[in-house]
Amino acid sequence: MLKSHPGFNSRVQDTTGAGDTFNGAFAVMTAKGKSIEEAVALPMRLPLYP
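For clarity, every value in this text was computed on a predicted model and none was experimentally measured.

Moving on, we come to the overall build of the protein. Looking only at helices and strands, one finds 2 helices and 0 strands in the protein. The C-alpha extent of the protein, read off along each of the three principal axes, is 30 × 20 × 15 Å. Burial statistics for the protein: of 50 residues in total, 10% are counted as buried. Side chains of the protein carry 5 positive and 4 negative charges; the gap between the two charge centres is 7 Å.

Below, the structure is given as structure tokens:
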């Protein structure tokens, strides 16, 4: 099943580790029983924090 989640505008500073951060947070959220929609909300924001 293919799903889409809207993104948001942000100023890119450094993308190092952004994918690792997303994957780790997504794995934790799904392991906690969150739906795909709920699980993707947190990892989309984490790479924005310095």
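The structure having been displayed, the exposition proceeds.
What follows covers the packing of helix α1 (residues 18-31) against helix α2 (residues 36-45). Running from N to C, α1 and α2 point in directions that differ by 145°, and their axes come no closer than 8 Å. Both α1 and α2 take part in a crossing whose hand is right-handed. Together, Phe22, Ala25, Phe26, Met29 and Thr30 of α1 and Ile36, Glu38, Ala39, Val40, Leu42, Pro43 and Met44 of α2 make up the contact between the two elements. Broken down by class, the residue content of the contact of α1 with α2 amounts to 10 nonpolar, 1 polar and 1 charged.

Cut-offs and rules
Residues numbered from 1 in each chain as written. Predicted model: local features only at pLDDT ≥ 70, side-chain atom pairs only at ≥ 80, totals over all residues. Heavy atoms only, no water. Helix = DSSP H or I, 4+ residues; strand = E, 2+ residues; numbered from the N terminus. Buried < 20%, exposed > 50% of the residue type's maximum accessible area, 1.4 Å probe, protein only. Lys, Arg positive; Asp, Glu negative; His and termini not counted. Charge placed at Lys NZ, Arg CZ, Asp CG, Glu CD. Axes fitted to C-alpha atoms, helices over the stretch in contact; angles between N-to-C directions. Left-handed = near helix turned anticlockwise from the far one by under 90°. Contact = heavy atoms within 4.5 Å. Nonpolar A, V, L, I, M, F, W, Y, C, P; charged D, E, K, R; others polar.

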